[in-house]
Amino acid sequence: MVRTSPQFADALAAGPVVLDGGLSNQLEAAGHDLGDALWSARLLAEDPEAVIEAHRAYYAAGAQVAITASYQATFEGFARRGTDADEARVLLGRSVALAREAADRARAGGVTGPLYVAASAGPYGAMLADGSEYRGRYGLTVAELERFHRPRLEVLATAGPDVLALETVPDADEARALVRAVRGLDIPAWLSYSVAGARTRAGQSLEEAFAVAADADEIVAVGVNCCAPADADHAVEVAARVTGKPVVVYPNSGESWDAGARTWCGAPEFRAEQVATWAAAGARLIGGCCRVGPDQIRALAAQLRG
């Protein structure tokens, strides 16, 4: 049996629950340079106060869930920077503690209602930091991917988040590995794909991709993130139909990431008015990803709360 926070389970049942926006853009707006293979995870060691304040800004804007700065935090990635396994465990656990501290500060500042922490685990490609998180197909087996993900998921689960966020998954094979990797951790998880149109980034149909989690008790919500807002409409409908589970959806602003130039291109398309459509189709965890900031989350929360 997977242990779900009673409050979090009740919130999912009542829904919708407001997620935060992009952590990296909030940190960059505060003047932090994230042009590093560890991305926001670098600040877990170098400036934890900045991470707390970024989370707090989203709670203050109406988010009920903060997603931790552990998306790109892996044992392998830290090792490349000279951080040993023991310190990596400390930093992974710290990512959850910093979000908890942000929630405490938000409450002290007048925010009311339950506030939750989702421990982020990005795909294998996020560790590579070469754009392959938007392609998948790494040349690894499901078993190899499971062995990669399991150790840090164990550490994050031990840190006591309300839920694990298995996010920006580009490939149904990696999703299979992640579903296997969370078994026995006694913490619920959501699984969200990065998609393009009606397919995963690796090219599988959404029906195939979402079916991976349909019978997994550990997965309490299924959906998409880090995609164009326009792609979310169809994905939410398919996720609800295929799995019967609550749907999670938090797209990007609509701009696209140029991995070669390491910059965002295009115009923002994220509109708070879209969330009513997602909620009506079965979405229960709704927020934003890259380039969606506190102002957009504030508007989104206002839409969802009528």
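For the structure, see preceding data.
Keep in mind the model is a prediction, meaning the values are calculated, not measured. (Residues numbered from 1 in each chain as written. Predicted model: local features only at pLDDT ≥ 70, side-chain atom pairs only at ≥ 80, totals over all residues. Heavy atoms only, no water.)

Draft legend 1. Spatial organisation of helix 11 (residues 229-243). Along its 15 residues, helix 11 runs 21 Å from first to last C-alpha, staying within 8% of the 21 Å computed at 1.5 Å per residue. Of all the bends in helix 11, the greatest, near 25°, is centred on A235. Residues of helix 11 that are buried include every one of P229, A232, A235, V236, V238, A239 and T243, and no others. Tucked inside the fold, the buried residues of helix 11 contact helix 10 (206-211), strand 8 (219-225), strand 9 (247-250), helix 12 (275-280) and strand 12 (283-286). Two residues or fewer after helix 11 comes G244, characterised by a positive phi angle close to 70°. (Helix = DSSP H or I, 4+ residues; strand = E, 2+ residues; numbered from the N terminus. Expected span 1.5 Å × (residues − 1). Bend = angle between axes of the 7 residues up to and from the residue. Buried < 20%, exposed > 50% of the residue type's maximum accessible area, 1.4 Å probe, protein only. Contact = heavy atoms within 4.5 Å.)

Draft legend 2. Expanded view of helix 13 (residues 294-304). Those residues of helix 13 that sit buried are P294, I297, L300, A301 and L304. Angular distribution of buried residues about the axis of helix 13 spans 115°; they occupy a single face of the element. Buried residues along helix 13 sit in contact with strand 1 (17-18), helix 2 (23-29), helix 4 (48-61), helix 12 and strand 12. Two residues or fewer after helix 13 comes G306, characterised by a positive phi angle close to 75°. (Arc of directions from axis to C-beta.)

Draft legend 3. Up close: unusual backbone geometry. A cis amide bond, omega -5°, links G15 with the succeeding residue P16. With respect to the secondary-structure elements, P16 resides in the loop between helix 1 (6-14) and strand 1. A positive phi angle is found at C226, which is not glycine, with a value near 55°. Its location among the elements puts C226 in the loop between strand 8 and helix 11. Its relative accessible area of 3% is what places C226 among the buried residues. For R291, which is not glycine, the phi torsion reads 75° and is therefore positive. Taking the relative accessible area as the measure of exposure, R291 reaches 35% and is therefore partly exposed.

Note that every value here comes from positions in space, so none of it alone points to a role or purpose.
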